[in-house]
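# Notes for the structure review
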Amino acid sequence: SGQCEYNLRSPICCIMGHVDTGKTKLLDCIRGTNVQEGEAGGITQQIGATYFPAENICERTKELKADANLKVPGLLVIDTPGHESFTNLRSRGSGLCDIAILVVDIMHGLERHTIESLNLLKMRNTNFIIALNKVDRLYGWKVCHNASIVKAMKQQSKDVQFEFRTRLTQVITEFKEQGINTELYYKNKDMGKGTFSIVPTSAISAEGIPDLLLLLVQWTAKTMSERLTYNNIVQCTVLEVKVVEGLGTTIDVILVNGVLHEGDQIVVCGMQGPIVTSIRALLTPFPMKELRVKGSYEHHKEIKASQGIKINAQGLEHAIAGTSLYIVGPDDDVEDIKEAAMKD
Ligand code: GTP
Ligand code: MG
Ligand code: NA
């Protein structure tokens, strides 16, 4: 396939934004899942990760008759909570990503944690795309399932188009007040040169989803080929420490670069000192399934970045989320690595 000839890893995309703007629902819409309705109170309380193979993205963007060769093997999407108690998780998520989607509810405009997320992205100099979500809530919206936003907008009445333009203009003004220039993506000639792109979407009826996916993969492949070039130095972060029935304590990690093998000796930061153990099982959810949702897992002998992975090993009970995972290579001194791990 065309994937290997470029030797690129999948871009990692973090979804951020205020509570209830539709971050998880957008992912549900792309995955064809129903994770959001299973959440307690409809509130995300953990970081999630989902792998979208390039084939699925191609399928979902067919509508736009785009170049099918996406150059990247897929897309690893990280879901974050928007609720105010989870600033640390938003920060952790945004620290891992190559690009972000900042979700704004078209009926609400910029909200408190939209601005907090925006500041995290500015601080790390992370490029982002704005999903202006819930367009189906414009009064009188005519559903055009999975249509490109241009096509969907043409189907709308003058009143809907007017309300859309009014709300869009308001959001552009609110971004401007934060020092950020924004423009509808198909009118944006300055993407990457200071003007951020807005993609109107609906997570319920899927208008604008093809646009969002295509923009993401094309943009990352076009502007980040150096950053996305695969290298074998392991870069891996612990997202969550979890007890799983039948497995015991496991860690969910994001492998940003490099490769992990079953049996690898690893070191992670623990509450009572460094934990040295070896990988008993390397598990992933199936493609298009959420890592944080209980389900069946695929077992792997080895996994290459980028991926969201569940690791089963002994002694992980006191591992600390948010820290780095290290591999002990044949030439490494375990003591040096233990010291590095505890500096996190
Ligand atoms: P947190 O993770 O808790 O911050 O929320 P979130 O941003 O993930 O939002 P979530 O996916 O939980 O959606 C919040 C509510 O908005 C749910 O009731 C969704 O059904 C609804 N919703 C999300 N996207 C859309 C949309 O595009 N249109 C409409 N009409 N409702 C939406
Ligand atoms: Mg959510
Ligand atoms: Na929610």
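Use the structure listed above.
So, how was this worked out
- Residues numbered from 1 in each chain as written.
- Chains lettered and ligands numbered in written order.
- Predicted model: local features only at pLDDT ≥ 70, side-chain atom pairs only at ≥ 80, totals over all residues.
- Heavy atoms only, no water.
- Near = heavy atom within 4 Å.
- Polar contact = N/O pair within 3.5 Å; in protein donor to acceptor, adjacent residues only side chain to side chain.
- Areas by Shrake-Rupley, 256 points an atom, 1.4 Å probe, with all protein chains shown as cover.
- Helix = DSSP H or I, 4+ residues; strand = E, 2+ residues; numbered from the N terminus.
- Nonpolar A, V, L, I, M, F, W, Y, C, P; charged D, E, K, R; others polar.
- Contact = heavy atoms within 4.5 Å.
- Buried < 20%, exposed > 50% of the residue type's maximum accessible area, 1.4 Å probe, protein only.
- Pairing = 2+ DSSP bridges.
- Axes fitted to C-alpha atoms, helices over the stretch in contact; angles between N-to-C directions.

Next up on the list: the site of ligand 1. Near ligand 1 you find 22 residues, and of these Lys23, Gln36, Thr44, Asp136 and Ala203 are the closest. At 2.7 Å from a nitrogen atom of ligand 1 is found a side-chain nitrogen or oxygen belonging to aspartate 136. Alanine 203 is positioned such that a nitrogen or oxygen atom in its backbone is 2.7 Å from an oxygen atom of ligand 1. In isolation ligand 1 offers 650 Å² of accessible surface; the protein chains occlude 86% of this area. Broken down by element, the shell around ligand 1 gets its largest block of residues, 3 residues, from helix H2 (residues 23–31). Here the residues of the shell around ligand 1 sort into 5 nonpolar, 11 polar and 6 charged.

Bringing the environment of asparagine 188 into the picture now. By the secondary structure assignment, asparagine 188 is in the loop between strand E6 (181–184) and strand E7 (195–200). Apart from residues lying up to four places away in sequence, asparagine 188 is in contact with Glu183, Thr195, Phe196 and Ser197. Among the polar contacts made by the side chain of asparagine 188, one reaches the main-chain amide nitrogen of methionine 191 at a distance of 3.2 Å.

The buried fraction of strand E13 (residues 281–285) amounts to 5 of the 5 residues, a majority that puts the element mostly inside the structure. Burial of E13 is two-sided: the residues Ala281, Leu283 and Pro285 facing one way and the residues Leu282 and Thr284 facing the other way are all buried. The pairing of E13 with strand E16 (residues 307–312) spans 3 bridges and is classified as antiparallel. Across the sheet, the residue bridging to leucine 282 is isoleucine 311, located in E16. Two elements, E13 and strand E14 (residues 297–300), share 4 bridges in a ladder whose sense is antiparallel.

As a further point, take the sheet that holds strand E17 (residues 325–327). Adjacent strands of a sheet form backbone hydrogen bonds with each other and so pair up, either parallel or antiparallel. With antiparallel pairing, 3 strands are arranged side by side in an open sheet as E12-E11-E17. Looking along the sheet, the strands with just one partner apiece sit at the ends: strand E12 (275–278) and E17. On average, each strand axis in the sheet is tilted by 30° relative to the strand beside it, whichever way the strands run. In this sheet, E17 lies alongside strand E11 (residues 265–268) in antiparallel orientation, the contact comprising 3 bridges. Within the sheet, the bridge partner assigned to valine 267 lies in E17 and is tyrosine 326.

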